[in-house]
Amino acid sequence: MRLNHLDLHVRDLDEAVTLFTGSLGFALVDRKADAIAILDDGEGFTLAVSDHTRFRGAGAAPPAYPDGFHLGFLVAEAAEVDALHARLSAVDGVDAGRPPRAMRQTYGFYFTALGDLLFEIACPRAA
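To keep things clear, this report deals only with the structure shown in the data block. (Residues numbered from 1 in each chain as written. Predicted model: local features only at pLDDT ≥ 70, side-chain atom pairs only at ≥ 80, totals over all residues. Heavy atoms only, no water.)

1. Points about empty space enclosed by the protein
Part 1 of the argument: For the structure on display, the rule yields one cavity of 30 Å³ or more.
Part 2 of the argument: Each pocket or cavity is described by its volume, and for the largest cavity that value is around 30 Å³.
Part 3 of the argument: As for the largest cavity, its lining consists of His9, Val10, Arg11, Pro63, Tyr65, Leu114, Asp116 and Leu117.
Part 4 of the argument: Tallied by class, the residues present in the lining of the largest cavity amount to five nonpolar, one polar and two charged. (1 Å grid on protein atoms, 1.4 Å probe; cavity = no way out; pocket = protein on both sides within 12 Å on 5 of 7 lines; lining within 4 Å. Points joined across faces, edges and corners; volume = space filled by probe spheres on them. Nonpolar A, V, L, I, M, F, W, Y, C, P; charged D, E, K, R; others polar.)

Next comes the structure, spelled out in structure tokens:
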């Protein structure tokens, strides 16, 4: 069994589509007005990004994800981690947080975007 897709509810659909397609390499497959965007990572995973107000009502509170919840992305090499950190900071205007560093068995960094969603970008570290 493998994970096929995930539906992530966000505060701002346009911001989410820009982050995932512009910075994180997803391709936009389909979009239903301001309600939902279907994104593909190019490796068999589909990410649906939904505007939470379209499904929970205009006055609904923003989605609250549990402590520790994050989206983790694995890339092949440290150079990709460094390039993504630089791009997010300089080009995309995201506060990419601390520079990449050794973390457990990976090299990477965390950043917060789309309100308060935590992201991790990392690559395996050589033993």
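There's more to say after this.
2. Some thoughts on the sheet that holds strand β4 (residues 46-51)
Part 1 of the argument: Pairing within the open sheet is mixed, and its four strands lie in the order β1-β4-β3-β2. What marks the edges here is a single partner per strand, and that holds for β1 (5-10) and β2 (27-32). Neighbour-to-neighbour, the strand axes of this sheet turn through a mean angle of 20°, independent of strand direction.
Part 2 of the argument: In terms of strand pairing, strand β3 (residues 36-40) meets β4 through five bridges, oriented antiparallel. Bridge pairing in β4 places Leu39 opposite Leu47.
Part 3 of the argument: Each of β1, β2, β3 and β4 touches helix α1 (residues 13-23); the most contacted strand, β4, lies at about 155° to it. (Pairing = 2+ DSSP bridges. Helix = DSSP H or I, 4+ residues; strand = E, 2+ residues; numbered from the N terminus. Axes fitted to C-alpha atoms, helices over the stretch in contact; angles between N-to-C directions. Contact = heavy atoms within 4.5 Å.)

3. A few points about the pattern of salt bridges
Part 1 of the argument: This model, assessed by the stated rule, comprises five salt bridges.
Part 2 of the argument: A salt bridge links Asp30 to Lys32, with the shortest nitrogen-to-oxygen separation between them at 3.0 Å.
Part 3 of the argument: In this structure Asp30 comes out as partly exposed when scored by relative accessible area, which is 32%.
Part 4 of the argument: Taking relative accessible area as the criterion, Lys32 reaches 48% and is therefore assigned partly exposed.
Part 5 of the argument: A salt bridge links Glu120 to Arg104; the shortest N-O distance between them is 3.2 Å. (Salt bridge = Lys/Arg side-chain N within 4 Å of Asp/Glu carboxyl O. Buried < 20%, exposed > 50% of the residue type's maximum accessible area, 1.4 Å probe, protein only.)

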